[in-house]
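# Examination of the molecular architecture
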Amino acid sequence: MAHLRYKTQGTCSFWIDVDVNDDGNIGDVRFTGGCDGNTKGICSLVRGMKASEVKKRLKGILCGKKSTSCPDQLAHALEKMGY
């Protein structure tokens, strides 16, 4: 199991804790800060998915006029983990 605590940039959330198991599936994701319902929804939806697929689907999603979003930052965290 790999774990990363990722410091977000440009979002209302400021940390993402993500666990990926040895098969490359997301075990758990926790956002600190951000829109509570939205981040809980993201976590619920991606749990059990392949990290590489989550990264592919979420990378580039923007929040309003910001250059990133919480889903995009999760994709960056997974990229940092090598997915």
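Each residue is numbered by its place in its chain's sequence as written, counting from 1. With pLDDT at 70 or above as the cut-off, local features in this predicted model cover only qualifying residues; side-chain atom pairs require 80 or more to be listed or tallied, and sums for whole chains, interfaces and linings still use all residues. Water and hydrogen atoms play no part in the side-chain values, which are based on all heavy atoms of the structure.

Note the threshold: UniProt positions are given in the numbering used here, feature names are shortened, and annotations may be inferred rather than shown by experiment.
You'll find the protein chain entered in an unreviewed UniProt entry as ribonucleoside-diphosphate reductase, with Segatella cerevisiae given as the organism. UniProt lists a comment for the protein chain under the heading Catalytic activity (unreviewed entry), and it reads "a 2'-deoxyribonucleoside 5'-diphosphate + [thioredoxin]-disulfide + H2O = a ribonucleoside 5'-diphosphate + [thioredoxin]-dithiol".

### Comments concerning the packing of helix α2 (residues 51-58) against helix α3 (residues 70-80)
When two helices pack together, their arrangement is captured by the angle between the axes and the distance separating the axes. Here is the rule: Note on method: axes are straight lines fitted to C-alpha atoms, helices fitted across the in-contact stretch only, with angles between N-to-C directions ranging 0 to 180 degrees. Counting from the N terminus, the helices are the DSSP runs of H or I reaching at least four residues and the strands are the DSSP runs of E reaching at least two. In these notes the angle categories are as follows: under 35 degrees is roughly parallel, over 145 is roughly antiparallel, 65 to 115 is roughly perpendicular, and the rest is oblique. Helix crossings fall into two classes, left-handed where the near helix is turned counterclockwise from the far one by less than a right angle and right-handed where it is turned clockwise. Contacts: residue pairs with any heavy atoms within 4.5 Å of one another. In this count, Pro and Cys sit with the nonpolar residues alongside Ala, Val, Leu, Ile, Met, Phe, Trp and Tyr, while Asp, Glu, Lys and Arg are called charged and the others, Gly among them, polar.
The N-to-C vectors of α2 and α3 enclose an angle of 140°; their axes lie 8 Å apart at closest approach. For the element pair α2 / α3, the angle class is oblique. The element α2 and its partner α3 pack so that their crossing is left-handed. Judged by residue contacts, Ala51, Val54, Lys55 and Leu58 of α2 engage Pro71, Asp72, Leu74, Ala75, Leu78 and Glu79 from α3. Split into classes, the residues belonging to the contact of α2 with α3 amount to seven nonpolar, no polar and three charged.

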